[in-house]
Amino acid sequence: DGDVYKFYADGEWKKSDSGKFVPIINPTTRNTHFKVQACSQEEVNKIIETAKSAQKSWAKTPLWKRAELLHKAAAILKEHRAPIAECLVKEIAKPAKDAVTEVVRSGDLVSYCAEEGVRILGEGKFLVSDSFPGNERTKYCLTSKIPLGVVLAIPPFNYPVNLAVSKIAPALIAGNSLVLKPPTQGAVAALHMVHCFHLAGFPKGLMSCITGKGSEIGDFLTMHPGVNCISFTGGDTGIAISKRASMIPLQMELGGKDACIILEDSDLDLAAANIVKGGFSYSGQRCTAVKVVLVMESVADTLVEKVKTKLAKLTVGPPEDDCDITPVITESSANFIEGLVMDAKQKGATFCQEYKREGNLIWPLLLDHVRPDMRIAWEEPFGPVLPVLRINSAEEGINHCNASNFGLQGCVFTRDINKAILISDAMETGTVQINSAPARGPDHFPFQGLKDSGIGSQGITNSINMMTKIKSTVINLP
Ligand code: G3H
């Protein structure tokens, strides 16, 4: 079956022995656009075995050489931006320009990671024993950072390239090998990205990309005894993975219900612009999207009007036309979003626009006067639908934010920096943005979620450190 994309193992492109494939549905046409191999558990076993042995010699490869290969891969990735972006448009309905941005951002991330890696992995510590009570100066301790072994990377559909390289590059620079399990939608973009690493000339087997059904190889991969570290971005599956994983370091970035608190003294034009950008870019399908607006009653009418005016200017349609709002990832996702909208309708929310849906395409919708008994006040739609709750004090906003089981990011709009800092301290989230929408980037910033939003911290430096372990050698003097 020639039109099924091959998977990547042992430095080669291969067909699965299973003879089966997984269809990739284009969210816009809702037809099968690509097919990828449905790999088997035996193929997973082989890949992990190869990754294990390739890692041993990679760890001994000079750091500057590892960095050189990553810089090469970054440059090739940027050269291939057009075809990769084209896949993102077809597989995940990412607007055409954003798709190109994702690939370019990824190239930059890989280069930055190579540079950061040679700095932070190029130095260790030297400790002497006599600083601890009762000790003479008879022990010298040398520390360095050593790789963990085989890193399993599982990125989500919304950034199949960028959130793959944000795991691949730190793993490789630190001397690990890497097994990538891309999301089904976005798998071909990911395979193309992997091809760029292949062209850069990494050793055989060091990096592999396995495609297939989660039901067949998902648990098998995440519970595999040969895996030494898992870096996962996605939804609830992450919680299940962490419960089942063995004693290995985990990096998890899961959902969010990022709150946007708007005080009376804020610049409402700035706030409205950020609500539209933060809530509706890539149709709200970002873990860092603004997912609930908590606005002081006294300025709520003005704010809602401003947001409405801006929403009316968004273009809605196919990603090929670079529309702002494009079809959401799957029909079941659209149905879920619709369920939240209907629940809010039944419970009396004010619809600022008419609810409109065609297939997976949902028109941008702002729901005003949302109350805490509505599901949308707490659940993440992952779609272009945003609830507004009116509050009477900053505390009320903070309390709503902290009552969520998520704690990824949040933001506060005010001209009073002292208040902003106090609110930031009070919000139980991994990051608080003052006077801007939540966002992960720039990609070297720390990125982390509290509670159900994640485990550990990402960002280039944190990821490199997370994918290494400290090794000490102690010299004992007579
Ligand atoms: O979807 C989760 C991503 O980590 C968010 O990244 O803030 O760059 O859109 P972003």
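Just so you know, these numbers come straight off a predicted model, no measurement behind them.

Asks: Could you clarify how one ought to interpret the sheet that holds strand S14 (residues 290-296) in this entry?
Replies: One key point about sheets: their strands pair by backbone hydrogen bonds, in either a parallel or an antiparallel sense. Taken in spatial order, the seven strands make up an open sheet running S15-S18-S19-S14-S13-S21-S22, and their pairing is mixed. Because the sheet does not close on itself, it has two edges, and the strands there are strand S15 (350-351) and strand S22 (431-434). Here two bridges tie S15 to strand S18 (residues 365-368), and the two strands are oriented antiparallel to one another. Opposite Thr350, over in S18, you have Asp368 as the bridge partner.

Asks: Mind showing me how you'd approach the pairing of strand S9 (residues 177-180) here?
Replies: In summary, the side chains of a regular strand alternate between the two faces of the sheet. Residues Ser177 and Val179 line one face of S9 and the alternating positions Leu178 and Leu180 line the opposite face, and both faces are buried. Across four bridges, strand S8 (residues 150-154) lies against S9 in parallel orientation. Opposite Val150, over in S9, you have Ser177 as the bridge partner. Following the chain from S8 across helix H5 (residues 162-173) to the adjacent parallel S9, one finds a crossover that is right-handed. Between the parallel elements S9 and strand S10 (residues 207-209), the chain passes through helix H6 (residues 187-200) in a crossover that is right-handed.

Asks: Hey, could you run me through the packing of aromatic side chains in this one?
Replies: Any pair of aromatic rings gets described here by the distance separating the centres and the angle formed by the planes. Under the counting rule described, the total for this entry stands at six aromatic pairs. Here Tyr8 and Trp13 contribute two aromatic rings whose centre-to-centre distance is 4.7 Å and whose plane-to-plane angle is 40°, an arrangement assigned as tilted. The buried category is assigned to Tyr8, whose relative accessible area is 6%. According to the relative accessible area criterion, Trp13 is partly exposed, its value standing at 29%. Ring geometry for Phe126 and Tyr140: centres 5.3 Å apart, planes at 75°, overall edge-to-face. Taken together, the residues Phe126 in strand S6 (residues 125-128) and Tyr140 in strand S7 (residues 139-147) connect sequence positions 14 residues apart. Looking at Tyr140, the relative accessible area reads 25%, which means it is partly exposed. Cluster of aromatic residues (ring-pair linked, three or more members): Trp58, Phe197 and Phe202. Looking at Lys35, its charged tip hangs above the ring of Phe21, at a distance of 4.8 Å from the centre. One Lys or Arg, Lys94, reaches over the ring of Tyr159 and ends 3.9 Å from the middle of that ring.

Asks: Mind showing me how you'd approach empty space enclosed by the protein here?
Replies: Any empty space left between atoms is shown by rolling a water-sized probe over those atoms. In the structure shown here, the tally under the stated rule is five cavities of 30 Å³ or more. Volume-wise, the largest cavity comes out at about 110 Å³. Along the walls of the largest cavity sit 13 residues, with Ser166, Arg440, Asp443, Gln458 and Gly459 positioned nearest its centre. Broken down by element, the residue count for the lining of the largest cavity peaks at three residues, all from H5. Of the residues contributing to the lining of the largest cavity, the split by class is seven nonpolar, four polar and two charged. The space that makes up the second largest cavity amounts to roughly 50 Å³.

Asks: What is the right way to read the packing of helix H2 (residues 63-79) against H6 from this model?
Replies: Helix-helix packing: each pair is described by the crossing angle between the helix axes and the interaxial distance. Close contact between H2 and H6 brings their axes to 8 Å; oriented N to C, the two are set at 130°. It follows that H2 is oblique to H6 by the angle criterion. In terms of crossing hand, the pair formed by H2 and H6 is right-handed. For the pair H2 and H6, contact is made by Leu69, Leu70, Lys72, Ala73, Ile76 and Leu77 and by Met193, Cys196, Phe197, Leu199 and Ala200, respectively. By residue class, the composition of the contact of H2 with H6 is 10 nonpolar, no polar and one charged.

Asks: How do you make sense of the sheet that holds strand S27 (residues 468-476) when you look at a structure like this?
Replies: In space, the three strands of this open sheet follow the order S6-S7-S27, with antiparallel pairing throughout. Looking at the sheet topology across the chains shown, the edges are occupied by S6 and S27. Taking the axes of each pair of neighbouring strands and ignoring which way they run, one obtains an average angle of 25° across the sheet. Relative to S7, S6 runs antiparallel, the two being bridged by four bridges. When the sheet's bridge partners are listed, Lys125 is paired in S7 with Thr143.

Asks: Looking at this model, I keep getting lost on the state of the cysteines. Mind explaining?
Replies: What makes a disulfide is a covalent bond joining the sulfur atoms belonging to two cysteines. For the structure on display, the rule yields zero disulfides. Here Cys196 stays unpaired: no disulfide links it, and the sulfur of Cys87, its closest cysteine neighbor, is 11 Å away. Cysteine Cys411 remains unbridged, with the sulfur of Cys260 as its closest cysteine sulfur at 3.5 Å. A residue is classified by how much of its surface remains accessible, and Cys411, at 0% relative accessible area, is buried.

Asks: Explain the side chain of Thr429 to me, please; I cannot follow it from the model alone.
Replies: Its location among the elements puts Thr429 in the loop between helix H13 (417-426) and S22. At 3.0 Å, the side chain of Thr429 forms a polar contact with the backbone oxygen of Thr431. In contact with Thr429, other than residues within four places in its own chain, are Cys401, Gly407, Leu408, Gln409, Gly410 and Leu450.

Asks: Help me understand the site of the ligand, please; the structure alone is not making it clear to me.
Replies: The immediate surroundings of the ligand are formed by Arg105, Asn158, Tyr159, Leu163, Glu253, Arg286, Cys287, Thr288, Ala439, Arg440 and Phe447. At a separation of 2.4 Å, an oxygen atom of the ligand approaches a polar side-chain atom of Tyr159. In the complex, the protein chains occlude 97% of the 310 Å² of accessible area that the ligand would expose alone. With respect to the pocket detection grid, the ligand is positioned in the second largest pocket. Looking at side-chain class alone, the shell around the ligand contains five nonpolar, two polar and four charged residues.

What counts as what
- Residues numbered from 1 in each chain as written.
- Predicted model: local features only at pLDDT ≥ 70, side-chain atom pairs only at ≥ 80, totals over all residues.
- Heavy atoms only, no water.
- Pairing = 2+ DSSP bridges.
- Helix = DSSP H or I, 4+ residues; strand = E, 2+ residues; numbered from the N terminus.
- Buried < 20%, exposed > 50% of the residue type's maximum accessible area, 1.4 Å probe, protein only.
- Right-handed = clockwise from strand over helix to strand, strands pointing away.
- Phe/Tyr/Trp six-rings, centres within 6.5 Å; stacked < 30°, edge-to-face > 60°.
- Lys NZ or Arg CZ within 6 Å of the ring centre and 35° of its normal.
- 1 Å grid on protein atoms, 1.4 Å probe; cavity = no way out; pocket = protein on both sides within 12 Å on 5 of 7 lines; lining within 4 Å.
- Points joined across faces, edges and corners; volume = space filled by probe spheres on them.
- Nonpolar A, V, L, I, M, F, W, Y, C, P; charged D, E, K, R; others polar.
- Axes fitted to C-alpha atoms, helices over the stretch in contact; angles between N-to-C directions.
- Parallel < 35°, antiparallel > 145°, perpendicular 65-115°, else oblique.
- Left-handed = near helix turned anticlockwise from the far one by under 90°.
- Contact = heavy atoms within 4.5 Å.
- Disulfide = S-S within 2.5 Å.
- Polar contact = N/O pair within 3.5 Å; in protein donor to acceptor, adjacent residues only side chain to side chain.
- Near = heavy atom within 4 Å.
- Areas by Shrake-Rupley, 256 points an atom, 1.4 Å probe, with all protein chains shown as cover.
- Sits in = over half its atoms within 2 Å of the grid points.

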